Amino acid sequence: MINAEKLRALLADRIEDHRREIADFAARLVAAPYRALSGGDEVIRTAGELAVALESLSALDHGATPESLHKHALRQALAVARDPPSSTSGISNLTEQAIGRAWARMIETLESP
């Protein structure tokens, strides 16, 4: 399992990268909305990754351990897998799926040495 110090550094880097990717998308959206939206699924995945990274870093800041965060991530990922989003809003479904994938990625990160 990854240690807390290494995890904090990794999350800080991811947050910075994700924010930059979202800012780049926002600039493309202003410049060419139709073209930017045609690839919008990538920004949805990035937003999900950002949300999970921010929540995870906040949890660490409030006393969570990598082990407790792993349990939380597992519950979150399983919840989305067990009950897939089924809103009438396609965007809502995509964002919920992105969050589930992001929690699954967090599990992989936590399990790395």
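Residues numbered from 1 in each chain as written. Predicted model: local features only at pLDDT ≥ 70, side-chain atom pairs only at ≥ 80, totals over all residues. Heavy atoms only, no water.

**Q** What exactly am I supposed to notice about the overall build of the protein chain here?
**A** Across its full length, the protein chain carries five helices and zero strands. The order of helices and strands in the protein chain, counted from the N terminus, is α-α-α-α-α. Principal-axis analysis of the C-alpha atoms gives the protein chain an extent of 45 × 30 × 20 Å. When the 113 residues of the protein chain are sorted by exposure, 31% land in the buried category. Carbon and sulfur atoms form 57% of the exposed surface of the protein chain, whose accessible area is close to 6900 Å². Charged side chains of the protein chain number 13 positive and 16 negative; the gap between the two group centres comes to 2 Å. (Helix = DSSP H or I, 4+ residues; strand = E, 2+ residues; numbered from the N terminus. Buried < 20%, exposed > 50% of the residue type's maximum accessible area, 1.4 Å probe, protein only. Areas by Shrake-Rupley, 256 points an atom, 1.4 Å probe, with all protein chains shown as cover. Lys, Arg positive; Asp, Glu negative; His and termini not counted. Charge placed at Lys NZ, Arg CZ, Asp CG, Glu CD.)

**Q** How should the packing of helix H1 (residues 4–31) against helix H3 (residues 40–61) be read in this particular structure?
**A** Helices that pack against each other are described as a pair by the angle of their axes relative to one another and the distance between those axes. At their nearest, the axes of H1 and H3 sit 9 Å apart, and the two run at 150 degrees to each other. Judged by the sense of rotation from one axis to the other, the crossing of H1 with H3 is left-handed. Every residue of H3 that contacts H1 at Leu7, Arg8, Leu11, Ile15, His18, Arg19, Glu21, Ile22 and Phe25 is listed here: Gly40, Val43, Thr46, Ala47, Glu49, Leu50, Ala53, Leu54, Ser56, Leu57, Leu60 and Asp61. Split by residue class, the contact of H1 with H3 holds 12 nonpolar, four polar and five charged. (Axes fitted to C-alpha atoms, helices over the stretch in contact; angles between N-to-C directions. Left-handed = near helix turned anticlockwise from the far one by under 90°. Contact = heavy atoms within 4.5 Å. Nonpolar A, V, L, I, M, F, W, Y, C, P; charged D, E, K, R; others polar.)

**Q** How should the environment of Leu94 be read in this particular structure?
**A** Relative to the helices and strands, Leu94 is located in helix H5 (residues 90–111). Through-space distance from the C-alpha of Leu94 to that of Gly48 is 9.6 Å; in sequence the pair is 46 residues apart.

**Q** Can you help me understand the nonpolar core in this one?
**A** The nonpolar side chains of a soluble globular protein tend to be buried, and buried together. Of all hydrophobic cores here, the largest spans 17 residues; its most connected members are Leu7, Leu11, Leu69, Ala73, Trp103, Met106 and Leu110. Those elements that place two or more of their residues in this core are H1, H3, helix H4 (66–82) and H5. Setting aside anything within four residues of it in sequence, one finds Ala73 in contact with Trp103, Met106, Ile107 and Leu110. The next biggest cluster of nonpolar side chains, apart from the first, holds five residues, and it includes Ala36, Val43, Ile44 and Ala98. (Core = buried A, V, L, I, M, F, W, Y, C linked by side-chain atoms within 4.5 Å.)

**Q** I tried to follow the pattern of salt bridges on my own but got confused; where do I start?
**A** Oppositely charged side chains are able to pair whenever their charged atoms sit close together. Inspection of the entire model under this criterion finds six salt bridges. One salt bridge connects Asp41 with Arg45, and the closest N-O pair in it is separated by 3.6 Å. Here Arg45 and Asp41 lie together in helix H3, a separation of four residues that amounts to about one turn. Judged by relative accessible area, Asp41 falls into the partly exposed class, the value being 40%. Here Arg45 falls in the partly exposed class, since its relative accessible area comes to 30%. With a shortest N-O distance of 3.2 Å, Glu49 and Arg105 are connected by a salt bridge. Placement of the pair is Glu49 in helix H3 and Arg105 in helix H5, with a sequence separation of 56 residues. (Salt bridge = Lys/Arg side-chain N within 4 Å of Asp/Glu carboxyl O.)

**Q** Explanation requested: the environment of Val80 in the structure shown.
**A** For Val80, the position within the fold is in helix H4. Contacts of Val80, omitting those with residues within four sequence positions, involve Pro85, Glu96, Gln97 and Gly100.

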